[in-house]
Amino acid sequence: MTSVTRKRAGKSKDIIKKDGKTFFEFTDRTTAFDGIKKDEFPHKGEVCCRLSTYWFEIMEREGIPTHFRAFVPPNIMEVEYLEIIPIEVIWRNFVAGSMLKRYELGENPKTGIEPRLGARIPDGTIEFTTKFEEKDRLIDEQEIIDSGWLTHQELDYIRGCTRRINEIMSRHLLEKGIILADFKIEFGKDAEGDILLADEVGTPDGCRFWDQNSYKQGVIESLDKDVYRYEKGDLSDVYLRIYRRICE
Ligand code: TMP
C-alpha cells in the first residue's frame, strides 16, 4: 500500500493525514494574542499532548463523545477527522483575561459581577468567539444560528456539554489544589452529524489554572500560558509542574 502523508500547520499543532488516518502533532510552538507573540518552549508539545490524552479519556468515561482515538507517545494523538464547527467556546468561573479587559474598557460583560481579576462568577458563564477570522471576535448565540453554524438544538447540546466538562475538570483539579478559572474548547461534527469534543482539552494552553493555596492568600499564581502572555515565568517549568500536579 502506498503511504501518503500530508501535513498542515496550525498555530501550535500540525495535522497529519496518513493512510486514511488523522493525527495531531503537538509542537513546542507557542503563540499569544492572536499570534502577535511567538516562541518555542521545550516539552510544551509533549505536556499538552499527554494532558489532553488524560482529559479525553476521562471525558469518554463520563460519556462525553470526543475525537480522541489513541495516544502515540510522546507528542502525537490519533483523532477522528471532523468537520470543525467554526466557533470557540469559552467557559469562565472567575474574571480574568479578555473579560477583565472588557470591564476595563467600560463594557459590562456580565451584570452583578465584581469587575476585578479573580472575582468569582457565580454559576459560571459561557461565551463564544469566531475561530477562523484573523482575530477571535466575540459573537452571540443569534449570530451563530444566523450564520448557519449550529441549530438551536445543537447549541443547547454544546452549552450543556461545556457545563459538564467544567464540572468534571473543576472537581478533578480541586482535589489537586488547582482552581479552574476558565477554559476554551472546540467541537466538530462526524460523518453522521454527531457533535464531538475536538481539538485539545484541559491543557495550560487552553485553560487558566490557579494555585488554590495562593488564591486563598489573595495571590493569583498562574500555572498556564498566562506566564508567557504576561511574562510571569518560564513556560517550560510551569507546564512541567502543572503536568506533574495533574497526572502524577
Ligand atoms: P481570554 O480571557 O483571553 O478570552 O481566554 C479565555 C480562555 O480561553 C483562557 O483559558 C485561554 C483560552 N484561549 C485559548 O485557548 N485560545 C485563544 O485563542 C484564546 C483567546 C483564549
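Above this note sits the structure.
Reading guide: rules and limits
- Residues numbered from 1 in each chain as written.
- Predicted model: local features only at pLDDT ≥ 70, side-chain atom pairs only at ≥ 80, totals over all residues.
- Heavy atoms only, no water.
- Pairing = 2+ DSSP bridges.
- Helix = DSSP H or I, 4+ residues; strand = E, 2+ residues; numbered from the N terminus.
- Contact = heavy atoms within 4.5 Å.
- Axes fitted to C-alpha atoms, helices over the stretch in contact; angles between N-to-C directions.
- Near = heavy atom within 4 Å.
- Polar contact = N/O pair within 3.5 Å; in protein donor to acceptor, adjacent residues only side chain to side chain.
- Areas by Shrake-Rupley, 256 points an atom, 1.4 Å probe, with all protein chains shown as cover.
- Core = buried A, V, L, I, M, F, W, Y, C linked by side-chain atoms within 4.5 Å.
- Buried < 20%, exposed > 50% of the residue type's maximum accessible area, 1.4 Å probe, protein only.
- Patch = residues over 30% accessible without salt bridge, like charges linked within 9 Å, V, L, I, M, F, W, Y side chains within 5 Å.
- Salt bridge = Lys/Arg side-chain N within 4 Å of Asp/Glu carboxyl O.
- Phe/Tyr/Trp six-rings, centres within 6.5 Å; stacked < 30°, edge-to-face > 60°.
- Lys NZ or Arg CZ within 6 Å of the ring centre and 35° of its normal.

1. What to know about the sheet that holds strand β11 (residues 138-139)
For sheets, the rule is that strands pair by backbone hydrogen bonds, running either parallel or antiparallel. Ordered in space as β11-β10-β9-β12-β15, the five strands form an open sheet in which the pairing is antiparallel. Looking along the sheet, the strands with just one partner apiece sit at the ends: β11 and β15 (207-211). Where strand β10 (residues 120-130) lies against β11, two bridges are found, and the strand directions are antiparallel. The partner of F128 across the bridge, within β11, is I139. Running at roughly 150° to strand β12 (residues 178-185), helix α4 (residues 152-174) makes contact with β9 (87-94), β10, β12 and β15 of the sheet.

2. Observations regarding the site of the ligand
Near the ligand lie 15 residues; those nearest to it are R92, S98, D182, K184 and R208. Here S98 contributes a side-chain N or O atom positioned 2.6 Å from an oxygen atom of the ligand. R208 places a polar side-chain atom, nitrogen or oxygen, 2.9 Å from an oxygen atom of the ligand. Burial of the ligand by the protein chains amounts to 81% of its free accessible area of 440 Å². Counting only elements with at least two residues in the shell around the ligand, the list comes to β9, α2 (97-104), β12 and β15.

3. Some points on the nonpolar core
The biggest cluster of nonpolar side chains holds 53 residues, and the ones touching the most others in it are W55, F128, I165, M169, F187, F209 and I246. At nine residues, the largest contribution of residues to this core is made by helix α1 (residues 44-61). In this structure, V95, M99, L100 and Y103 belong to the second largest nonpolar core, which totals seven residues.

4. A look at a nonpolar patch on the surface
A contiguous nonpolar patch, built from F33, I36 and Y230 and spanning about 320 Å² of accessible area, is present on the exposed surface. Mapped onto the elements of the fold, Y230 is located in the loop between α6 (226-229) and α7 (235-247). A relative accessible area of 41% places Y230 in the partly exposed class.

5. Some thoughts on the packing of aromatic side chains
Summed over the entire model, instances satisfying the criterion amount to eight aromatic pairs. Ring geometry for F41 and Y228: centres 5.4 Å apart, planes at 80°, overall edge-to-face. Taken together, the positions of F41 in the loop between β5 (37-40) and α1 and Y228 in helix α6 put the pair 187 residues apart, joining distant regions of the chain. Side by side, F41 and Y228 carry an identical accessibility label, which is buried. With centroids separated by 5.7 Å and ring planes inclined at 55°, the aromatic side chains of F94 and W210 adopt a geometry described as tilted. Of this pair, F94 sits in strand β9 while W210 sits in strand β15; the two residues are 116 residues apart in sequence, bridging distant segments of the chain. Here the aromatic residues F94, W210 and Y215 are joined through ring pairs into a cluster of three or more. Over the aromatic face of Y81 sits the side chain of K17, whose NZ or CZ is 3.7 Å from the ring centroid.

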